[in-house]
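Report on the structure
The primary structure of each chain is shown beneath.
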Amino acid sequence: MKTLNLSSKARRTQEQPINALIAAALANPKLINLAAGLVDFETLPVEEVAAASKAILSDVRRGRAALQYATTNGLGELRELALKHLEELEGKPASTMRLSADDFVITNGSQQALYLIGDVLIDPGDIVIAANPSYFVYTGTLTSFGANVLAVPADENGMDVDAVEQLLERLDREGRLSRVKMVYCTSYFDNPTGLTLSMERRGRLVEIVKRYSREHRIVILEDAAYRELRYDGEALPSVKSFDPDNSHTIIACTFSKPFAPGIKTGYTAMPPDLLYAVLQQKGNHDFGSASLCQHLAVEVMKNRLYEKQVQKLKENYRKKRDIMLAALEKWMPANEHISWTKPRGGLYVWLTLPERVDTRGVGAMFNLCVERGVLYVPGDHAYQPDESGKIPTNHLRLCFGSVPTEAIEPGVERLAGVVKELLGTGGDDGAGAPVEAVNAALPKEVVF
């Protein structure tokens, strides 16, 4: 058969690592899956959605509207509710950000909004600045557009915005500032680390981006998917709230994480000229998101079913987070090179191990963990290479979202057992059996 000539974009698009993780989980039904970034199965709001569906479909006129096509920018009532909801989260009028319902688009989850924004902004060779580590699904999407994703460090306060400024200054000196289109930032309880951009850095990031928007406008894409899943700590205003003229920031939100991913509905606010371009592309994609899902979102928002579900999830996830953190404290070996994040919200904990422990999917640790019945996300997927091409290989992501509560501690215990085995008992940094020797003895069918 002759070769199929795929587009350059298709050739740049790589398989997402999550596919291999799902395959590993399916191959072993007894596996404790600390990798899947899914919401809790037991807390999905079946009764609430059933009641909302009945309310919609028992009214023939409303039911027909819900089963008809919607407009490309989304149901007007839902956009108004999204605007009001954002005002409640920010604690101030939307007018202070120069926002109205006309500046919102309803998408098939926030993921579609992220894709469309990249699609209308990025040409091959353009630059996007992100944190290291960062949400690997979207950095993979950006790469498929041909973007050059340049990463800056992150710490306990989120993306290092001083490093963003230094990078922009360097790109300016090199004559490449014109290629910078966007800064991508997960501002609340990020995927993969669970950390949050500090209050001090939010306004400063906007100020830096505006200052370097000399010949063209650079925008900040604020991914706020986990914003409402806050378990403790103060509620922070969005990065968007520091942009009073709605010119340099986008905020992408979703109903998936705080309510139910099955309704696949998100809402995003952005500058008007960018929104126009996004709507042209969305029209080519789907003519508008599913009407029935939008009507469901309206119903649960109006009747406060959404608010109740958010509180239910927060109580459930707070308990799971605390169990995972306590289990890590209990089972992980005492070692100055072992640490983990303590997120105040979201679904993820980021674990750092001694540099000699290879957490990659082709490494000893991953294979041993699958063999012992526990799964994690290798941290190298979330990194962009540094200037020497190096990527850290001693980190991993744990998710407590969908794993049963009673399985969290056993899962961490299995994970810690593998870490102890790899490190051995000698020396600070562990002088146990060589990684290569352990790796050679493992079954190769579980690597990816």
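Computed from a predicted model, the values in this text were never measured in an experiment. (Residues numbered from 1 in each chain as written. Predicted model: local features only at pLDDT ≥ 70, side-chain atom pairs only at ≥ 80, totals over all residues. Heavy atoms only, no water.)

Points about the nonpolar core
Nonpolar side chains tend to gather and get buried jointly when the protein is soluble and globular. Of all hydrophobic cores here, the largest spans 111 residues; its most connected members are Met182, Met324, Leu347, Met365 and Leu415. When residues no more than four places from it in sequence are discounted, the contact partners of Met182 are Ile117, Leu121, Ile127, Val128, Ile129, Tyr138, Leu142, Ile218, Val219 and Leu221. Judged by nonpolar contacts, the second largest core, of 25 residues, contains Ile129, Leu168, Leu171 and Ile220. (Core = buried A, V, L, I, M, F, W, Y, C linked by side-chain atoms within 4.5 Å. Buried < 20%, exposed > 50% of the residue type's maximum accessible area, 1.4 Å probe, protein only. Contact = heavy atoms within 4.5 Å.)

Quick look at the pairing of strand E2 (residues 104-107)
Of the two faces of E2, both are covered, the one formed by Phe104 and Ile106 as well as the one formed by Val105 and Thr107. Strand direction decides the pairing type here: E2 and strand E9 (residues 266-269), joined by four bridges, are antiparallel. Considered in E9, the bridge of Val105 is made with Thr268. (Helix = DSSP H or I, 4+ residues; strand = E, 2+ residues; numbered from the N terminus. Pairing = 2+ DSSP bridges.)

Looking at the pattern of salt bridges
All told, the structure shown has 28 salt bridges when counted by the stated rule. Ionic pairing is found between Arg321 and Asp322, a salt bridge with its closest N-O pair at 2.9 Å. A salt bridge links Lys330 to Glu409, with the nearest nitrogen and oxygen atoms 3.1 Å apart. A residue pair is termed long-range when its members are at least 10 positions apart, and Lys330 in helix H12 (residues 305-331) and Glu409 in helix H14 (residues 405-423) qualify at 79 residues. Members of the salt-bridge network, linked through shared partners, are Asp162, Glu165, Arg204, Glu207 and Arg211. (Salt bridge = Lys/Arg side-chain N within 4 Å of Asp/Glu carboxyl O.)

So, empty space enclosed by the protein
Following the criterion strictly, the structure yields one cavity of 30 Å³ or more and no others. One number sums up the size of the largest cavity: a volume of about 40 Å³. Around the largest cavity, the lining residues are Leu89, Ala224, Ala225, Arg227, Glu228, Cys253, Thr254, Pro258 and Tyr267. Its residues assigned to classes, the lining of the largest cavity comprises six nonpolar, one polar and two charged. (1 Å grid on protein atoms, 1.4 Å probe; cavity = no way out; pocket = protein on both sides within 12 Å on 5 of 7 lines; lining within 4 Å. Points joined across faces, edges and corners; volume = space filled by probe spheres on them. Nonpolar A, V, L, I, M, F, W, Y, C, P; charged D, E, K, R; others polar.)

Some points on the packing of H12 against H14
As a packed pair, H12 and H14 sit with axes 9 Å apart at the nearest point and diverge in direction by 30°. One way to sum up the angle between H12 and H14 is to call them roughly parallel. You can see that H12 and H14 cross each other, and the crossing is right-handed. From H12, Lys319, Lys320, Ile323, Met324, Ala327, Leu328, Lys330 and Trp331 reach across to H14, where they touch Thr405, Ile408, Glu409, Val412, Glu413, Ala416 and Lys420. Class assignment of the residues belonging to the contact of H12 with H14 gives a composition of eight nonpolar, one polar and six charged. (Axes fitted to C-alpha atoms, helices over the stretch in contact; angles between N-to-C directions. Parallel < 35°, antiparallel > 145°, perpendicular 65-115°, else oblique. Left-handed = near helix turned anticlockwise from the far one by under 90°.)

Regarding the sheet that holds strand E4 (residues 148-155)
In space, the eight strands of this open sheet follow the order E2-E9-E8-E7-E6-E3-E4-E5, with mixed pairing throughout. Strands with a single pairing partner mark the edges of an open sheet, and in this sheet they are E2 and strand E5 (158-159). Relative to strand E7 (residues 219-223), strand E6 (residues 180-186) is paired through five bridges, and the arrangement is parallel. Within E7, the residue paired with Val183 across the bridge is Ile220. Sheet contacts for helix H10 (residues 272-285): E2 and strand E8 (249-254); angle to E2, the most-contacted strand, approximately 25°.

So, the sheet that holds strand E13 (residues 377-378)
Pairing in this open sheet of four strands is antiparallel, and the strands run E10-E11-E14-E13 from one edge to the other. Every interior strand has two partners, whereas the edge strands, strand E10 (339-340) and E13, have only one. Bridging between E13 and strand E14 (residues 395-399) involves two bridges; their strand directions are antiparallel. Counterpart to Val377 in the pairing with E14 is Arg397.

Examining the confidence of the model for the protein chain
Where the model shows low pLDDT, its predicted coordinates should not be examined in detail. Averaged over the protein chain, the pLDDT score is 91; the fraction of residues at 70 or greater is 92%. Counting interchain partners and residues more than four positions distant, the pLDDT-below-50 stretch residues 425-448 has 49 contacts. (pLDDT = per-residue confidence, 0-100.)

Quick look at unusual backbone geometry
That bond from Asn132 to Pro133 is cis: its omega, 5°, falls within 30 degrees of zero. Relative to the helices and strands, Pro133 is located in the loop between strand E3 (127-132) and helix H7 (136-144). Not every positive phi belongs to a glycine, and Lys264 is a case in point at roughly 45°. With relative accessibility at 46%, the residue Lys264 sits in the partly exposed group. For Phe287, which is not glycine, the phi torsion reads 65° and is therefore positive. Among the structural elements, Phe287 can be located in the loop between H10 and helix H11 (291-302). Its relative accessible area of 57% is what places Phe287 among the exposed residues.

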